[in-house]
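# Results of the structural survey
This is what each chain is made of:
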Amino acid sequence: MNTFSYVKNIDKIILVVILALAVMSILMIGSTTVDSNFFSRSVIVQMIAYGLGTIGILIVMYFNYTAFQTLDKLLYALALILLLSVYVPGLGIEQFGARAWIDLGFIAIQPSELVKLLFILIMASYLDKHKDQLYNFQCLIKAGLIAAPIILIVLKEDLGSALVFMATWLIMIFFAGIDIKALGKLFALCIAAVPVAYLFLADYQKERIESFLHPNNLSLQGNWQVWQSKVAIGSGGFSGQGLFHGTQKSLDFIPVQTSDFIFSVIGEELGLIGGLIVITLFAILLIRMMRLLFGALDFFGALIISGVIGMFTFQIFENIAMTMGMMPVTGITLPFLSYGGSSILSNMIAVGLVLSVGARSKKIQF
C-alpha cells in the first residue's frame, strides 16, 4: 500500500494553524529588522527552516511511527551523543552564556531541540512496553532513571530546556496512567531534592531565579528584561502600535526580541488583538492534537501525541507568562513563532509525528 495514501487523512486544520503561525513568525521577525532590510538573515533562516520542516513532516509521514518503537535503544544512544557533542572541542560553541550549540560552519544548531523528539519516542516506547506495571513504584523510578541522564546533561547548560524535558516526562507518565500514590512519592522526593539541585545551577541560572523572587529589584538583569517586556506589551493597548511601528522594539529595549521575547513584539505592535489571535491559534492546535490523541489506535501512538502536547503546552505557557513577569526568565522559545532553525525544524517534525499517528488511525480513503 502506498504510504502517501495516508496524507489524505491528515488533520488539515493543524496544517492551516501552522501556516498561520509561520506567516506571523516571519512578519514579526522581519519587523525587528525592517529599518535595514526585511529579508534579513534571520528571516531567510526562518523561511528555510520552515521549508526543511515541511520536508521533515513528509518524511515522518512516509514511515510508520510504530517503527520507532523497535529503535528505542538506538534513539537513546543518539540522544546522549547529540547532547554530549557540544563539549567536543572545535564543534561545541557557547552562546547566551551556555554551551548548548554545535557549529557546522554555515549554521549553529542546538542539539537539545532535536533530542526533545527522541526523548518523547524513548519514553513512549518504555511506557508502552510496561503499561501493565504502571501501578508499581519501581516502574516509575525506572522511568525516571531513563530520563535522568538526558535531563541532567541538558540542565548543566540550559535550565529552560531541562524544564521542558521534565514537564514532557511528567505529562507523559500522567497520561500513561501511573499510580497516583507512586506519583505522590516521586513528587515528595523531587521537592526534597530542590535545595540540592539549586547548588549545582550555574550563576546566571541562579540569578534568573533570584530575579523572579525579587521582581522589584531592577538591578537584576532578568527583572530589567521583564520590565521592558511589560512596558512593550502594555504600550500596545487593544489594537497595537501597528506592524513595524513598535517603539520599544525599534529602540532595542526589548531583549532577544526575535526569540525569547517575540510575544512582547506581538503585544506592542498588534496589541491585545494580536496576542489573543496567537493564543487562539495555539488553543486550536492543542485541541486538534487532543482529538487525535483520543482517536489513536494504539497506546504507543497516543503516548507520542501526549508527549508533543506536553512539550508544546509547557513552552507556550512558560514563554508567554515569562514576558509578563508571571514566570522566571528561562530562555524557552515560543513554538513556531520564535526565531531558531533547530527549534522550528524539531517543532515541525513533532507535528509530523502527531499527524502520522492521526492519519494511520483512520480508514484509508482512495
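These numbers come from a predicted model, not from an experiment.

### What about the overall build of the protein?
- The helix and strand tally for the protein stands at 13 helices and three strands.
- For 366 residues, the compact-globule estimate of 2.2 N^0.38 gives 21 Å, and the C-alpha radius of gyration of the protein, at 21 Å, lies within 12% of that figure.
- If you line up the protein on its principal axes, its C-alpha atoms span 55 × 55 × 45 Å.
- Considering the protein as a whole, with its 366 residues, one finds that 50% of them fall into the buried category.

### Concerning the side chain of Gln-69
- For Gln-69, the location among the structural elements is in the loop between helix H2 (41-62) and helix H3 (72-84).
- Taking relative accessible area as the criterion, Gln-69 reaches 16% and is therefore assigned buried.
- Within the structure, the side chain of Gln-69 is placed 2.6 Å from the side chain of Asp-128, a separation counted as a polar contact.
- For Gln-69, the contacting residues outside a window of four places in its chain are Ser-125, Asp-128, Lys-129 and Phe-300.

### Considerations on the sheet that holds strand S2 (residues 98-103)
- Pairing is antiparallel across the open sheet formed by three strands, whose spatial order is S1-S2-S3. Single-partner strands in this sheet number two, and they are strand S1 (92-95) and strand S3 (108-109).
- Sheet analysis places S2 next to S3, joined by two bridges and oriented antiparallel. Bridging from a neighbouring strand, Ile-102 pairs with Ile-109 of S3.

### Considering a nonpolar patch on the surface
- A contiguous nonpolar patch, built from Phe-39, Ile-44, Met-47, Ile-48, Leu-52, Ile-55, Ile-59, Tyr-62 and Phe-63 and spanning about 880 Å² of accessible area, is present on the exposed surface.
- Mapped onto the fold, Leu-52 is located in helix H2.

### Concerning the side chain of Ser-342
- Checked against the element boundaries, Ser-342 lands in helix H13 (residues 341-359).
- For Ser-342, a relative accessible area of 13% corresponds to the buried category.
- Apart from the residues lying within four places of it in its own chain, the contact partners of Ser-342 are Ala-108, Ile-109, Gln-110 and Glu-113.

### Brief notes about the packing of helix H12 (residues 299-323) against H13
- One can describe the packing of H12 onto H13 by two numbers: an axis separation of 9 Å at closest approach and a directional angle of 145 degrees. Between H12 and H13 the crossing geometry is left-handed. Residues Gly-301, Ile-304, Ile-305, Val-308, Met-311 and Phe-312 of H12 lie in contact with H13, whose contacting residues are Asn-347, Ala-350, Val-351, Leu-353, Val-354 and Val-357.
- Of the residues in the contact of H12 with H13, the class split is 10 nonpolar, two polar and no charged.

### Remarks on the pattern of salt bridges
- Here the structure, examined in full by the defined rule, presents six salt bridges.
- Among the salt bridges present, the one from Arg-288 reaches Asp-11, with a minimum N-O distance of 3.0 Å. Of this pair, Arg-288 sits in helix H11 (residues 262-294) while Asp-11 sits in the segment before helix H1 (12-31), placing them 277 residues apart in sequence.
- Judged by its relative accessible area of 4%, Asp-11 falls in the buried class.
- Notably, a salt bridge pairs Lys-116 with Glu-113, separated by 3.3 Å at the nearest N-O pair.

### Focus: the pairing of S2
- Bridge count for S1 against S2 is three bridges, and the pairing is antiparallel. For Ile-93, the partnering residue across the bridge sits in S2 and is Trp-101.
- Taken together, S2 and the strand that follows it, S3, pair antiparallel across an intervening segment of four residues, in which Gly-105 is found at a positive phi of about 95 degrees.

### Concerning the packing of H11 against H12
- Contact pair H11 / H12: the axes reach a minimum separation of 11 Å and the direction vectors enclose 165 degrees. The angle between H11 and H12 places the two elements in the roughly antiparallel class. Here the hand of the crossing between H11 and H12 comes out left-handed. Between H11 and H12, the residues in contact are Phe-263, Ser-264, Ile-279, Phe-282, Leu-286, Met-289, Met-290, Leu-292 and Leu-293 and Ala-302, Ile-305, Ser-306, Val-308, Ile-309, Phe-312, Thr-313, Ile-316, Asn-319, Ile-320 and Thr-323, respectively.
- A per-class count over the contact of H11 with H12 returns 15 nonpolar, five polar and no charged.

### Side note on the packing of aromatic side chains
- Counted under the stated rule, the structure contains five aromatic pairs.
- Both rings, one in Tyr-62 and one in Phe-63, keep their centres 5.2 Å apart while their planes meet at 90 degrees; by these two values the pair is edge-to-face.
- Given a relative accessible area of 41%, Tyr-62 falls into the partly exposed group.
- Classification of Phe-63 by relative accessible area gives partly exposed; the value is 47%.

### Looking at the nonpolar core
- Met-123, Trp-169, Met-289, Phe-312, Phe-336, Leu-337 and Val-351 are the most contacted members of the largest nonpolar core, which has 100 residues in total.
- Broken down by element, the residue count for this core peaks at 13 residues, all from H12.

### Let's talk about the environment of Gln-315
- Tracing the sequence through the fold places Gln-315 in helix H12.
- We classify Gln-315 as buried; its relative accessible area is 1%.
- As for Gln-315 and Gly-160, which are separated by 155 residues in sequence, their C-alpha atoms are 9.1 Å apart.
- Ignoring anything within four residues of it in the chain, the contact list for Gln-315 reads Lys-116, Val-164, Ile-332, Thr-333 and Pro-335.

### Here we look at the environment of Ser-259
- Among the structural elements, Ser-259 can be located in the loop between helix H10 (247-250) and H11.
- With relative accessibility at 11%, the residue Ser-259 sits in the buried group.
- Along the sequence, Ser-259 and Gly-234 sit 25 residues apart, while their C-alpha atoms lie 19 Å from each other.
- Those residues in contact with Ser-259 that sit more than four places away from it in its chain are Thr-333, Ser-338 and Tyr-339.
- A polar contact is formed between the side chain of Ser-259 and the side chain of Asp-260, at a distance of 3.2 Å.

Criteria and thresholds
Residues numbered from 1 in each chain as written. Predicted model: local features only at pLDDT ≥ 70, side-chain atom pairs only at ≥ 80, totals over all residues. Heavy atoms only, no water. Helix = DSSP H or I, 4+ residues; strand = E, 2+ residues; numbered from the N terminus. Rg over C-alpha atoms; globule rule 2.2 N^0.38 Å. Buried < 20%, exposed > 50% of the residue type's maximum accessible area, 1.4 Å probe, protein only. Polar contact = N/O pair within 3.5 Å; in protein donor to acceptor, adjacent residues only side chain to side chain. Contact = heavy atoms within 4.5 Å. Pairing = 2+ DSSP bridges. Patch = residues over 30% accessible without salt bridge, like charges linked within 9 Å, V, L, I, M, F, W, Y side chains within 5 Å. Areas by Shrake-Rupley, 256 points an atom, 1.4 Å probe, with all protein chains shown as cover. Salt bridge = Lys/Arg side-chain N within 4 Å of Asp/Glu carboxyl O. Axes fitted to C-alpha atoms, helices over the stretch in contact; angles between N-to-C directions. Left-handed = near helix turned anticlockwise from the far one by under 90°. Nonpolar A, V, L, I, M, F, W, Y, C, P; charged D, E, K, R; others polar. Parallel < 35°, antiparallel > 145°, perpendicular 65-115°, else oblique. Phe/Tyr/Trp six-rings, centres within 6.5 Å; stacked < 30°, edge-to-face > 60°. Core = buried A, V, L, I, M, F, W, Y, C linked by side-chain atoms within 4.5 Å.

Without other data, these values stay purely geometric and don't point to any function.
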